[in-house]
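# A closer look at the structure
Each chain, letter by letter, is given below.
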Amino acid sequence: MEGVSVATMGPDLPPIELGATHSENDFWRALRDELPDDFYVLHGLPFLTKNAVQGEVDFLVLHRELGMLNIECKGKGVYRDQRGQWYREEPGDWRSPLKKSPSQQAKGQIDAVVDRLSAPARCVLGPFSGQFPLVFGWALSFPYARRKEINVPPGLQPEIVFDASDIGNLAERVRQAFDFYGAQHGASASVLSKRD
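Quick caveat: nothing in here was measured; it's all calculated off a predicted structure.

So, on to helix H4 (residues 170-185). Compared with the 22 Å implied by 1.5 Å per residue over 16 residues, the 22 Å span of H4 between its first and last C-alpha is a close match. Residues of H4 that are buried include every one of Leu170, Arg173, Val174, Ala177, Phe178, Phe180 and Tyr181, and no others. The buried side chains of H4 occupy one side of the element, clustering within an arc of 150 degrees when seen end-on. Across H4 from its buried face, at more than 90 degrees, point the exposed residues Asp179 and Ala183. Positive backbone phi, approximately 60 degrees, marks glycine 186, located one or two places after H4.

For the chain, the mean per-residue pLDDT works out to 87, and 86% of the residues sit at or above 70. Within the chain, the lowest mean pLDDT, 86, falls on helix H2 (residues 102-121), and the highest, 98, falls on strand S9 (residues 161-163).

One pass over the full model with this rule turns up 5 aromatic pairs. Each ring, one from tryptophan 86 and one from phenylalanine 142, has its centre 6.0 Å from the other, and the planes form 10 degrees; the classification is stacked. A residue pair is termed long-range when its members are at least 10 positions apart, and tryptophan 86 in strand S6 (residues 86-90) and phenylalanine 142 in strand S8 (residues 136-142) qualify at 56 residues. In this pair, the class of tryptophan 86 matches that of phenylalanine 142, namely buried.

Time to look at the side chain of aspartate 166. With respect to the helices and strands, the residue aspartate 166 is situated in the loop between S9 and H4. Not counting the four nearest positions on each side in its chain, aspartate 166 is found in contact with Glu34, Arg147, Val161 and Arg173.

This brings us to the packing of helix H1 (residues 22-34) against H4. At their nearest, the axes of H1 and H4 sit 9 Å apart, and the two run at 90 degrees to each other. Judged on the interaxial angle alone, H4 and H1 are roughly perpendicular. Note on element contacts: H4 touches H1 through Leu170, Ala171 and Val174, opposite Phe27, Ala30, Leu31 and Glu34. Split by residue class, the contact of H1 with H4 holds 6 nonpolar, no polar and 1 charged.

For the rest of this paragraph, the subject is the nonpolar core. Ranked by internal contacts, the top residues of the largest apolar core, which has 47 residues, are Leu31, Val61, Leu69 and Val174. For this core, the elements supplying multiple residues, two or more each, are H1, strand S2 (39-48), strand S3 (54-63), strand S4 (67-73), H2, S8, S9 and H4. Here this core takes 6 residues from H4, the largest share from any one element. The residues touching valine 174, leaving out its near neighbours within four places in the chain, are Leu31, Leu35, Phe39, Val61, Leu69 and Phe162.

To continue, consider unusual backbone geometry. The omega torsion of the bond from glycine 10 to proline 11 falls at -5 degrees, within 30 degrees of zero and hence cis. With a phi angle near 55 degrees, aspartate 93 is a residue other than glycine that sits in the positive phi range. Unlike most non-glycine residues, asparagine 151 shows phi in positive territory, near 65 degrees.

Now for the pattern of salt bridges. Within the structure shown, the criterion is met by 9 salt bridges. Measuring nitrogen to oxygen at the nearest pair gives 2.7 Å for the salt bridge that ties aspartate 33 to arginine 32. Residue classification places aspartate 33 among the partly exposed residues on the basis of a relative accessible area of 31%. Between glutamate 72 and lysine 74 there is a salt bridge, with its nearest N and O atoms 3.1 Å apart. For glutamate 72, a relative accessible area of 3% corresponds to the buried category. One salt-bridge network, held together by shared partners, links Arg147, Asp163, Asp166 and Arg173.

How each quantity is defined
- Residues numbered from 1 in each chain as written.
- Predicted model: local features only at pLDDT ≥ 70, side-chain atom pairs only at ≥ 80, totals over all residues.
- Heavy atoms only, no water.
- Helix = DSSP H or I, 4+ residues; strand = E, 2+ residues; numbered from the N terminus.
- Expected span 1.5 Å × (residues − 1).
- Buried < 20%, exposed > 50% of the residue type's maximum accessible area, 1.4 Å probe, protein only.
- Arc of directions from axis to C-beta.
- pLDDT = per-residue confidence, 0-100.
- Phe/Tyr/Trp six-rings, centres within 6.5 Å; stacked < 30°, edge-to-face > 60°.
- Contact = heavy atoms within 4.5 Å.
- Axes fitted to C-alpha atoms, helices over the stretch in contact; angles between N-to-C directions.
- Parallel < 35°, antiparallel > 145°, perpendicular 65-115°, else oblique.
- Nonpolar A, V, L, I, M, F, W, Y, C, P; charged D, E, K, R; others polar.
- Core = buried A, V, L, I, M, F, W, Y, C linked by side-chain atoms within 4.5 Å.
- Salt bridge = Lys/Arg side-chain N within 4 Å of Asp/Glu carboxyl O.

Below, the structure is given as structure tokens:
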């Protein structure tokens, strides 16, 4: 987008060209176009846990002042029933239960990423000694559905759930998610210098 400040994406190819889902592709474009150029967004980031389990983060949003936010993106047909079980609708009026809720997925992913980065990134001096130096957290994206259609759990904070109505307002919504986690981390947030 010439003349417009947009987020830096990695990789810089639309996800659909790399075999990703339509929902991830559309959400990638929305993040790229709506977040300003001081945001970095990594898509399809693979990681390996300490137990050698391979995982992948849909979107890791980075900002040198705000921190790090993992966003798990779900496409059409993902919803929660009245008993609290999450499902994905499949072709032929069939549904399959998800092994983990989107929240469990997103939280597990960011915990694994922080765990792998902790040793080299822990602060050794100052008020953050021994802590991970950035605010971090997770959020969910449902770019094709509204909260009511998904049946989002009532205890899930609205600051960390993006739905179809948030497309077009993602810069503000992503900042709200960072603010939510920043308040939880309190003073334990640091700002990376431009060369970090």
